[in-house]
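# Understanding the architecture of this molecule
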Amino acid sequence: HTATRARRMTPRRVFALPRQQSLFLPAVINPFVQEVKLAKADIIKCVFRGIFLVPIRAIFLTLVLMVTWPVAVVTTFMHPLKGAVAPMTGWRRFMCRRVMAFLGRSYYFFMGFRVVVKGQQVSSAEAPILAVAPHSTFFDGIVCIVAGLPSTVSRTENLATPIFGRFVRCLQPVLVSRQDPDSRKNTIMEIDSRAKSGGLWPQILVFPEGTCTNRSCLITFKQGAFVPGVPVQPVVMRYPNRLDTVTWTWQGFSSPCFDLCPLLQFLPPVTPTEEEKKRPVLFARTVRNVMAQALGVPVTDHTYEDCRLMISAGELTLPMEAGLVEFTKISQKLDLKWDNVKKELEGFAAVACSCKGGRITIQEFASFLKLPISPALQELFALFDRDGDGTIDFREYVIGVTILCRPANTEEVLRTAFQLFDTDEDQRITHEEFSSMLRSALGVCDLNVSKLFKEIDTDSSEFITFAEFQAFALNHPEYAKLFTTYLELQRYQALQGVESELSSTNHVCSEDNQEESISDKKDD
């Protein structure tokens, strides 16, 4: 009974509350990597098919192009693409939707594609927009042929491409220009105008994922196609071949060395609710969920920005998977911009440069901070380590810095920490004051902090001013949180001592009055 009472009397420090599940990384395969392993028999087949089939197919493809190009020239002759553009009608529309579509099917046929179509495509009046997913290869353009050459969203530069630029003109695309700062706004306005034309314009076909994946999941859909708030017909694509020889992702690709049988399925149109009309992001999620259910794959919040982070991670000699953080989700929850996350990736790389696998252990963390492992450092590390596996990945790092460390950089907090080091209150911290304070806080008698001191003392004046202290904390947010953690730990230890004294003098009080706990909880 006495031991139980003693345990009740001992205040415990609570390191962290359970993390928000919404910020955990989903257990899915990296959607931006593709690995194809061919057996010896498959390699031999590829070699023989390459020797005999490629020349024959090249001849037929050339013949088809020789017929298609003049048809495209005639169809688009004297028909403007900019300014007061009107939808094609009469013979032009017939040439585009019938003749050009037939030639496009022939082109894919001679490449070895045998398309299977399920479901029924509705008219432009019923569903002005076609949303196609997953997007995994440039061969996905076959859905445009099957759908009767609907309009697409295309870069202006594509119109200048020899031969194929004329084919793009037949689609009457919604043009996007990288040089125009208002291009994004104008594109959405044009999509909205065409989608609400009452069927005058052809359907607009979009790949809402915005980049190629390996089809293991559906990533975040871009909102542009869902802004008009009109019915959208989902189209799902499958390549059910034994070997995946078409996927083309940011990390790894393959080539169509076998005949392919892509399966296109037109799902029933999805009509947005009044709430989804006001919030395109909700409508995009609804359509994505419908398509994911039809495909039997999970959904994630990865997006094109994750590809950019993945590439940046590789350039920083980190594993490319280190950049996969579900940028859309954490940027919305934490109000982060791309440049900020890119900067945090560089900071993470500075810590993880000496470790393998792109994950930081507490040893690397302590080495980077130039400090020994101590209770305060262990607590800070535990706050970063969201899944409790003893390491920190980049996702955990960027969330930890944003949630835990940035708020600790307020001037009031930093002023308090500075005063803690400035024992003689002369508005500057000497090397002796700095090392003495850290030795006391870390409980280490022999602690060399010369490197850390010199790093903060940027003007080599042999003392640290508040301006230098603040600038260092702003550029190294881990230290700002570490300084406040020292304060919290000391306060906790002081209160623990007070509790011990109270327990010895008031041991006759009732057990209910004796219970008191002090916690310092950190939540997401």
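Just so we're clear, the structure is a prediction, and the values are computed from it rather than from any experiment.

The next thing to look at is the UniProt feature "transmembrane region" (unreviewed entry) in the chain. Per the UniProt annotation, the sites labelled "transmembrane region" (unreviewed entry) are residues 58-79. In residues 58-79, helix accounts for 86% and strand for 0%; the two terminal C-alpha atoms are 31 Å from one another.

We now examine the pattern of salt bridges. Following the criterion strictly, the structure yields 11 salt bridges and no others. Residue Arg194 pairs with Glu190 through a salt bridge whose shortest N-O separation is 2.8 Å. Highlighted residues: Arg194 and Glu190, both in helix 6 (residues 183-195), separated by 4 residues, approximately one helical turn. Looking at Arg194, the relative accessible area reads 5%, which means it is buried. Overall, Glu190 belongs to the partly exposed group, its relative accessible area being 29%.

Residues with a pLDDT of 70 or more make up 80% of the chain, whose mean pLDDT is 78. Here helix 1 (residues 2-9) is the element of the chain with the lowest mean pLDDT, 39, and helix 8 (residues 280-295) is the one with the highest, 95. Contacts from residues 1-19, a stretch scored under 50 in pLDDT, to residues over four places away or in other chains number 45 contacts. Within the model, the stretch residues 505-524 combines pLDDT values under 50 with 42 contacts to residues more than four positions away or in other chains.

A few words on a nonpolar patch on the surface. Together, Leu38, Ile43, Ile44, Val47, Phe48, Ile51 and Phe52 make up a nonpolar patch on the protein surface, roughly 670 Å² of accessible area in all. Relative to the helices and strands, Val47 is located in helix 2 (residues 40-76). With a relative accessible area of 46%, Val47 lands in the partly exposed category.

All right, on to the packing of helix 11 (residues 338-352) against helix 14 (residues 394-405) then. Packing of helix 11 against helix 14 brings their axes to within 10 Å, and their N-to-C directions diverge by 115 degrees. The way helix 11 lies across helix 14 gives a crossing that is right-handed. Between helix 11, through Val341, Glu344, Leu345, Gly347 and Phe348, and helix 14, the contact on the second element is made entirely by Phe394, Tyr397, Val398 and Val401. Residues of the contact of helix 11 with helix 14, tallied by class, amount to 7 nonpolar, 1 polar and 1 charged.

The next point concerns the packing of aromatic side chains. Inspection of the entire model under this criterion finds 20 aromatic pairs. Directly above the ring of Trp201 sits Arg194, whose terminal nitrogen or CZ lies 3.9 Å from the centroid. When the ring centre of Phe463 is taken as reference, the NZ or CZ atom of Arg428 above it lies at 4.5 Å.

Running from N to C, helix 9 (residues 304-315) and helix 11 cross one another at 25 degrees; their axes reach a closest spacing of 11 Å. Classed by the angle they form, the pair helix 9 and helix 11 counts as roughly parallel. In the packing of helix 9 onto helix 11, the handedness of the crossing is right-handed. On helix 11, the residues touching Glu305, Arg308, Leu309, Ser312 and Ala313 of helix 9 are Trp338, Val341, Lys342 and Leu345. Of the residues contributing to the contact of helix 9 with helix 11, the split by class is 5 nonpolar, 1 polar and 3 charged.

For strand 6 (residues 232-238), a buried count of 6 out of 7 residues is recorded, marking the element as mostly surrounded by other parts of the structure. Strand direction decides the pairing type here: strand 2 (residues 129-133) and strand 6, joined by 5 bridges, are parallel. Its bridge partner lying in strand 6, Val132 is registered against Val235. In this sheet, strand 7 (residues 263-266) lies alongside strand 6 in antiparallel orientation, the contact comprising 4 bridges. From the neighbouring strand, Val235 faces strand 7, where its bridge partner is Phe266.

The rules behind these values
- Throughout, a residue's number is its position along its own chain's written sequence, starting from 1.
- Under the rules for a predicted model, residues below a pLDDT of 70 receive no local features and side-chain atom pairs below 80 are neither given nor counted, while totals for whole chains, interfaces and linings still include all residues.
- Side-chain calculation: all heavy atoms of the structure are included, whereas hydrogens and water are not.
- UniProt positions are given in the numbering used here, feature names are shortened, and annotations may be inferred rather than shown by experiment.
- Only runs of H or I of at least four residues qualify as helices and only runs of E of at least two qualify as strands under DSSP, and these elements are numbered from the N terminus.
- Put simply, a salt bridge is a Lys or Arg side-chain nitrogen that is within 4 Å of an Asp or Glu carboxyl oxygen.
- Here's how the labels work: a residue is buried when its accessible area is under 20% of the maximum for its type, exposed when over 50%, partly exposed in between, all with a 1.4 Å probe on protein chains only.
- Values of pLDDT, the confidence the predictor places in each residue, fall between 0 and 100.
- Should any heavy atoms of two residues lie within 4.5 Å, those residues are counted as being in contact.
- Patch definition: residues above 30% relative accessible area lacking any salt bridge, with like charges linked at up to 9 Å and the nonpolar side chains Val, Leu, Ile, Met, Phe, Trp and Tyr linked at up to 5 Å.
- Per-residue and other accessible areas were derived by the Shrake-Rupley procedure at a 1.4 Å probe size, with only the shown protein chains allowed to occlude residues.
- Each axis is a line fitted through C-alpha atoms, taken for helices only over the stretch in contact, and angles between the N-to-C directions span 0 to 180 degrees.
- For a crossing to be left-handed, the near helix must be turned anticlockwise from the far one by less than a right angle; the clockwise case is right-handed.
- Each residue is assigned to one class: nonpolar for Ala, Val, Leu, Ile, Met, Phe, Trp, Tyr, Cys and Pro, charged for Asp, Glu, Lys and Arg, and polar for all the others, Gly among them.
- The pairing test for Phe, Tyr and Trp rings, Trp by its six-membered ring, is centres within 6.5 Å, and the orientation test on the planes gives stacked under 30 degrees, edge-to-face over 60, and tilted for anything in between.
- Definition used: whenever NZ (Lys) or CZ (Arg) falls within 6 Å of the ring centre and also within 35 degrees of the ring normal, the charge is taken to sit over that ring.
- Each angle is binned into one of four classes, with values under 35 degrees roughly parallel, values over 145 roughly antiparallel, values of 65 to 115 roughly perpendicular, and all other values oblique.
- Here, any two strands with at least 2 DSSP bridges between them count as paired.

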